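What follows is the residue order along each chain.
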Amino acid sequence: MSGYEPAIGLEIHAQLLTASKIFCGCATGFGAAPNTHLCPVCLGLPGALPVLNRAAVDCAIRASLALECTIQPTSIFARKNYFYPDLPKGYQISQYEQPLAVGGVVLANSDYGAPAYDIRITRVHMEEDAGKLLHEGFPDSASRSYVDLNRAGTPLIEIVTEPDLRTAKDAAWFFSYLRELLVALGVSDGNMEEGSLRCDANVSVRPAGATQLGTKAEIKNLNSFRFLEDALEFEIERQIAAVESGERVVQETRLWDSAKKRTVSMRSKEEAHDYRYFPEPDLPPLVVEPARLQKLRDELSETPAMQRNRLKAVHGFSDSEVVPLTTAKLAGYFEETVMAGADAKVARNWLLGAVRARMNEDGHGDPAWLSEHLKPARLAGLLVLVGKGTISGSMAKEVFEKMLATGRSADDIVRAEGLAQIDDESQILGLITGVLDKNADAVAQYRSGKTNAFGFLVGQVMKATAGKANPSRVNELLKRALGS
């Protein structure tokens, strides 16, 4: 890539988290039997009129505000005309010349240490989804395609960036960041396997330092961060090789073949005029009243980036320490645990260690399950006992399991079962004396320079206390006894 730089822009389609479609009352739930979530409106039958879903508009506005876009007071729906088997009306209702929102910005690379720069958001517009062609699972799949129109009319926003991204890694980061943002806002479920979030990437190359963009190719329907990064890396290298060999890069739409790890040509790239856009005659302009906009702005929740910056400032965390908390959606639980008295670093380590391992083991990825079965204050109570030295770290894991199983507090379990850590010096010294008397050979080995014998003696003392002795006190007092 030496001597060239890529220019990458993304078009990200996100399904809005609403119970019904954008212009009718049909359900949007995934997994229904084919062609069962349909009505005359989403099929575009004669005489059926669309009615805009207010909840979908609110979702779109919240996403636009979080991206620092300007919400336009009036936006216009338009018909995007093209013919395809999964598009029952023969056109898609979208927004073109007057979108819902324009002019946002995201600061790139904030999470992995590369130099930061602005990614400009060109526009956020609303539109309906098309249906889906099925090519597998039928006896005659080799010669026929089947159409499931359940997705037709599902509400989407399309987020379009300027060609500001400079590497495939940055593009994958932005796609990941956007998913995290939309899920945190409750705007989309971000489920890429179900088609709720997908990405098209426009990429061109030019000599380093040049201002004019090269001829772009669009890579369609990328539904994973890895596919996006791999596809862009291949396409950048392909275009550079073409330029250096004197070939002309043509404007076209390409697909990513994940099996062969390469992009393949799909069709020549359409221009806007090919779609014959014109205003949708059956929908009035979308007017966003100032009071409605202010209400949504006031209700806007903290974004993941804002939350990370605050946690870093308050607790002194680094990016690598705080990012896993927010991506695992455990930051809120963490903050409540700290407010209840737990040390911040200890709480973080426990949440990302023993607690998350237990959740994964039982198949509970939703933090709501954790909050329901173990309130933050109860976990804080356990961690406070560890901090005071009342119980050891290993004993704390046993208590943690009993807390989940019984609903009892850590204090109750430790008191009822006599699990408190032995920290009394005279009691530990008495046990050490007994161990040394019974293990004269190990004592002699230690004093002759075989340090492994020390670990054996520590283990014997811990065994004598059923694991209840304070390990650091055992080490300290045993060294003193052996030295004397």
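Just so you know, these numbers come straight off a predicted model, no measurement behind them.

A.B. asks: Can you help me understand unusual backbone geometry in this one?
C.D. replies: Trans is the prevailing form of peptide bonds, just as negative phi is the prevailing case for residues other than glycine. Positioned with a positive phi, K261 is a non-glycine residue whose angle comes to about 60°. The residue K261 is located in the loop between β13 (252–257) and β14 (262–268) in this model. Relative accessible area serves as the criterion here: at 48%, K261 is assigned to the partly exposed category. Backbone geometry at R276 places phi at a positive 50°, although glycine is not the residue there. Mapped onto the fold, R276 is located in the loop between β14 and β15 (278–279).

A.B. asks: How do you make sense of the environment of V105 when you look at a structure like this?
C.D. replies: Mapped onto the fold, V105 is located in strand β6 (residues 101–108). By relative accessible area, which is 27% here, V105 ends up partly exposed. C-alpha of V105 to C-alpha of I119: the two residues are 14 residues apart in sequence and 5.5 Å apart in space. Each residue touching V105, except ones within four places of it in the same chain, is listed here: L67, E68, D118, I119, R120 and I121.

A.B. asks: Is there a simple way to think about the sheet that holds β15 in this case?
C.D. replies: The strands that make up a sheet are held in pairs by hydrogen bonds between backbone atoms, and each pair lies either parallel or antiparallel. In spatial order, the strands read β5-β4-β15; together these three strands make up an open sheet with antiparallel pairing. Edge positions in the sheet fall to β5 (91–95) and β15, since each of these pairs with one other strand and no more.

A.B. asks: How should I be thinking about the side chain of E252 in this particular structure?
C.D. replies: Residue position: E252 is located in strand β13. Take E252: its relative accessible area is 9%, and that puts it in the buried class. Within the structure, the side chain of E252 is placed 2.6 Å from the side chain of R254, a separation counted as a polar contact.

A.B. asks: Just to check I follow, could you spell out helix α7 (residues 319–327) for this structure?
C.D. replies: What sets the pattern is the α-helix's 3.6 residues per turn: residues three or four places apart point alike. Every buried residue belonging to α7 is among V322, V323, L325 and T326, and all of these are buried. The buried residues of α7 occupy an angular sector of 160° when projected down its axis, which confines them to one face. Of the surrounding elements, those touching the buried residues of α7 are α3 (168–185), α6 (304–315), α8 (331–339) and α9 (344–361). At the exit of α7 stands K329, carrying a positive phi of roughly 60°.

Rules used throughout
- Residues numbered from 1 in each chain as written.
- Predicted model: local features only at pLDDT ≥ 70, side-chain atom pairs only at ≥ 80, totals over all residues.
- Heavy atoms only, no water.
- Helix = DSSP H or I, 4+ residues; strand = E, 2+ residues; numbered from the N terminus.
- Buried < 20%, exposed > 50% of the residue type's maximum accessible area, 1.4 Å probe, protein only.
- Contact = heavy atoms within 4.5 Å.
- Pairing = 2+ DSSP bridges.
- Polar contact = N/O pair within 3.5 Å; in protein donor to acceptor, adjacent residues only side chain to side chain.
- Arc of directions from axis to C-beta.

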